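What the coordinates show
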Amino acid sequence: MIQNYMESLAERSKTAIAVADIDYKDDEGFLVCGKCHTRKEIEVSLPWGKIRPYCLCECEKERQDREKAEQEEKQRKERIQRLRNNAFPEGSLAHCTFDMASDPNHKILLAMQRYVENFKQFKEDGKGILLYGNVGTGKTFLAACTANALIDKGLPVLMTSVSYIANKLMGIFEGKNEYIESLNQYPLLVLDDLGAERNTEYMNEVVYTIINARYKAKLPLIVTTNLTTEQLKGPTDVTMARTYSRVLEMCFPIKVEGVDIRREKARAEYKTMSDILGL
């Protein structure tokens, strides 16, 4: 039975491997590829004799390896695109990359790049970054660049705001806790513009629930905020005091200073339009 099976495999190999017009037999009678001049047959010694099944020549191996690599690369790019599409539910920040920065050697930009490079360790430690400072200094841009860099590595990331999550929760009649817990499927959660949400008991509780869930799961956060360190360390609301305490424990604070990027951009656009209109 084994003999019949092996001989059957050898015969089937001859239908699986194509023979081209330029192929030929060498001095020992083995089929040889006319393109790369490597054998398309191998000899296998068995207890009852020898068989010569067909095999892949070198150029066919290379072609199949190349096709496999191309397919894997295509699948990788498709997965990354799906991750990117899912990462920014509130707007298009998918274009933000570190190489877009006007100053590629800025110390905070380099620090965020190092965070990406060492993310495995930071994730194990549950440590994130708190980017704080005045309006328009590039905090959201830096956070989005970091998110996109991790997505390029194939890691799921979600960048959103407390207000967006609160609105989602208001539309859920059952399973609110499950939704909050689902945020922990992301190795990194980016909460943009913390403190800009409405100061209500409900909203404050939502903020605490989100951050505390990450804290208990020992998962990192990147938080951006216009709040000062004094506001973060001394809020009057008890729930927000607990929340900000968690943030400061989980996240390394980095003050982002500089000109108001949005104001500078608006000024440049205003001048361009003024020049075109001749005003």
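Note that this is a predicted model, so its numbers are computed, not measured.

Criteria and cut-off values
Residues numbered from 1 in each chain as written. Predicted model: local features only at pLDDT ≥ 70, side-chain atom pairs only at ≥ 80, totals over all residues. Heavy atoms only, no water. Phe/Tyr/Trp six-rings, centres within 6.5 Å; stacked < 30°, edge-to-face > 60°. Buried < 20%, exposed > 50% of the residue type's maximum accessible area, 1.4 Å probe, protein only. Lys NZ or Arg CZ within 6 Å of the ring centre and 35° of its normal. Helix = DSSP H or I, 4+ residues; strand = E, 2+ residues; numbered from the N terminus. Pairing = 2+ DSSP bridges. Polar contact = N/O pair within 3.5 Å; in protein donor to acceptor, adjacent residues only side chain to side chain. Contact = heavy atoms within 4.5 Å. Expected span 1.5 Å × (residues − 1). Axes fitted to C-alpha atoms, helices over the stretch in contact; angles between N-to-C directions. Salt bridge = Lys/Arg side-chain N within 4 Å of Asp/Glu carboxyl O.

A short note on the packing of aromatic side chains
A full pass over the atoms with the stated rule returns two aromatic pairs. With 4.7 Å between their ring centres and 20° between their planes, Tyr115 and Phe122 make a pair best called stacked. Since its relative accessible area comes to 2%, Tyr115 is described here as buried. Phe122 sits in the partly exposed class, given a relative accessible area of 29%. Above the ring of Tyr208, the side-chain terminus of Arg242 is found at 3.9 Å from the ring centroid.

Examining the pairing of strand β6 (residues 157-160)
By the alternation rule, side chains of β6 split into Val157 and Met159 and Leu158 and Thr160, which are all buried. Relative to strand β7 (residues 188-194), β6 runs parallel, the two being bridged by four bridges. Of the residues in β7, the one forming a bridge with Met159 is Val190.

Describing the environment of Arg214
Looking at the element boundaries, Arg214 is found in helix α8 (residues 201-217). Side-chain polar atoms of Arg214 contact the backbone oxygen of Tyr186, separated by 2.9 Å.

Points about the side chain of Thr160
If you trace the backbone, Thr160 turns up in strand β6. Judged by its relative accessible area of 2%, Thr160 is buried. At a separation of 2.8 Å, a polar atom in the side chain of Thr160 contacts the side chain of Glu90. If near-sequence neighbours (up to four positions away) are discounted, Thr160 is found in contact with Pro89, Glu90, Ile165, Leu189, Val190, Leu191 and Asp192.

Description of helix α5 (residues 139-152)
For α5, with 14 residues, the first-to-last C-alpha span of 20 Å sits near the 20 Å given by 1.5 Å per residue. The buried fraction of α5 amounts to eleven of the 14 residues, a majority that puts the element mostly inside the structure. Residues Lys139, Leu142, Ala143, Ala144, Cys145, Thr146, Ala147, Asn148, Ala149, Leu150 and Ile151 constitute the buried set of α5. The positive-phi residue at the C-terminal boundary of α5 is Gly154, with phi of around 90°.

Quick notes on the sheet that holds β6
Spatial strand order, β6-β7-β8-β5-β9: five strands in an open sheet with parallel pairing. Of all strands in the sheet, those with a lone pairing partner are β6 and β9 (251-255), marking the two edges. In this sheet, neighbouring strand axes are inclined to one another by 15° on average, regardless of whether the strands run parallel or antiparallel. The sheet contact formed by strand β5 (residues 128-132) and β9 spans five bridges and is parallel. Bridge pairing in β9 links Leu130 to Pro253. The strands touched by α8 are β7 and β8 (221-225); relative to β7, the strand with the most contacts, the crossing angle is about 150°.

Section: the pattern of salt bridges
Scanning the entire structure with this criterion turns up twelve salt bridges. Salt-bridge contacts for Glu41 lead to Lys25; the nearest nitrogen and oxygen are separated by 3.6 Å. Linking Glu41 in the loop between β2 (31-32) and β3 (44-46) with Lys25 in strand β1 (residues 24-25), this pair joins segments that are 16 residues apart in sequence. Here Asp152 and Arg84 are joined by a salt bridge, their closest N and O atoms 2.5 Å apart. Of this pair, Asp152 sits in helix α5 while Arg84 sits in helix α2 (residues 58-87), and the two are 68 residues apart along the sequence. Since its relative accessible area comes to 40%, Asp152 is described here as partly exposed.

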